[in-house]
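Structural characterization, general
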Amino acid sequence: MLRRLLQRSISSTANPNDQSAIEHLEEMRKRLIRTLIAFLVAMVAAFIYVEKIYHWLVRGMDEQLVLLGPSEVMWVYMIIAGVVAVTVTLPIAAYQIWRFVQPALPDGAHRSAVLLIPVISVLFIAGICFGYFVLFPMVLQFMQRMAEGAFQTMYTAQKYFTFMIHMTVPFGFLFEMPAIVVFLTKLGIVNPHRLAKMRKSAYFLLCIVAVTITPPDIMSDLIVIVPLFLLYEISVSISRFIYRKQLQLAQAEGSAT
């Protein structure tokens, strides 16, 4: 994709409407600045309500979290506001990326790329919800059972929310797998045959991820592994559907000529 953009800049003498390489870099800078501004605005807005968000996140705790320093509360509030800001900014960042790469996209991929922007947000939120409502309480209860009767548990706010972030945010990005596969299939970078050949390697990597972040029992592993496998198979099925449509369109254009 970047190569296609650079090729257009090289051939700018043939078409004065094409951008030069410097103009592409300037365009990238503008897109990054807009995304950064959107993130900062979202973070400020989230910080205004961060105390309410904090109380909602710790609503199930029997005891209050502990602070070990005066600045730790600011760290906790900043990390909560940051995660909210990332979630809000994600569709804006996806739109800015689409606008930057739009000249290099095939004509048939423009509409699909636009439709993927809300899908990216939905998948990210779904991954966050899966991590927070399924994985995080499961792992936390397992840890509490291990410490019960042998240790006096006392959670600091920083450790608690660091643990929560590690159990939730990665799944927001893992759940983006179908959207990424759709986009790469549209560009011709991947196809269902290649994804099918990579199935064993992909399953192995997903198993490593699941076993690494879950308690050492088979049920916990399955609760995480099964959704990840389903995401991969959904991605392969969607890629297969798009690939067939592309072949049919290519055959129709070939017969027309």
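Residues numbered from 1 in each chain as written. Predicted model: local features only at pLDDT ≥ 70, side-chain atom pairs only at ≥ 80, totals over all residues. Heavy atoms only, no water.

- As annotated in an unreviewed UniProt entry, the chain is Sec-independent protein translocase protein TatC from Paenibacillus lautus.
- Per UniProt, the chain has the following entry under Subunit (unreviewed entry): "Forms a complex with TatA." (UniProt positions renumbered as here; feature names shortened; annotations may be inferred.)

**Digging into the overall build of the chain**
- Each helix and strand counted, the chain has 10 helices and zero strands in total.
- When its helices and strands are written in sequence order, the chain yields α-α-α-α-α-α-α-α-α-α.
- A buried classification covers 36% of the 257 residues belonging to the chain.
- Relative to all contacts within the chain whose residues are 6 or more apart in sequence, the contacts with residues 24 or more apart total 80%.
- When the accessible area of the chain is evaluated, it comes to approximately 15900 Å², of which 68% is carbon and sulfur surface. (Helix = DSSP H or I, 4+ residues; strand = E, 2+ residues; numbered from the N terminus. Buried < 20%, exposed > 50% of the residue type's maximum accessible area, 1.4 Å probe, protein only. Contact = heavy atoms within 4.5 Å. Areas by Shrake-Rupley, 256 points an atom, 1.4 Å probe, with all protein chains shown as cover.)

**Topic: a nonpolar patch on the surface**
- Residues I218, M219, L222, V226, L230 and I234 make up a contiguous nonpolar surface patch of roughly 570 Å² in combined accessible area.
- The topology assignment puts I234 in helix α10 (residues 218–256). (Patch = residues over 30% accessible without salt bridge, like charges linked within 9 Å, V, L, I, M, F, W, Y side chains within 5 Å. Salt bridge = Lys/Arg side-chain N within 4 Å of Asp/Glu carboxyl O.)

**Quick look at the pattern of salt bridges**
- Using the criterion set out here, one finds three salt bridges in the structure.
- Ionic pairing is found between R31 and E27, a salt bridge with its closest N-O pair at 2.6 Å. With R31 and E27 both in helix α2 (residues 21–48) and four residues apart, the pair spans about one turn of that helix.

**Section: α2**
- With 28 residues, α2 should cover 40 Å at 1.5 Å per step; its first-to-last C-alpha distance of 41 Å lies within 8% of that length.
- For α2, every residue scored as buried is listed here: H24, E27, R31, T35, A38, A42, M43 and A46. (Expected span 1.5 Å × (residues − 1).)

**Focus: the UniProt feature "transmembrane region" (unreviewed entry) in the chain**
- Mapped onto this structure's residue numbering, the UniProt feature "transmembrane region" (unreviewed entry) falls at residues 32–54, 74–101, 113–140, 160–189, 201–218 and 224–243.
- For residues 32–54, the end-to-end C-alpha separation is 30 Å, with 96% helix and 0% strand making up the annotated structure.
- Regarding residues 224–243, the helix share stands at 100% and the strand share at 0%, and the terminal C-alpha atoms are separated by 29 Å.

**Quick look at the environment of Y155**
- Within the secondary structure, Y155 sits in the loop between α5 (109–147) and α6 (157–174).
- A relative accessible area of 27% places Y155 in the partly exposed class.
- C-alpha separation for the pair Y155 and L67, spaced 88 residues apart in sequence, amounts to 8.9 Å.
- Apart from residues lying up to four places away in sequence, Y155 is in contact with M61, L65, V66, L140 and Q144.
- At 3.5 Å, the side chain of Y155 and the side chain of Q144 are in polar contact. (Polar contact = N/O pair within 3.5 Å; in protein donor to acceptor, adjacent residues only side chain to side chain.)

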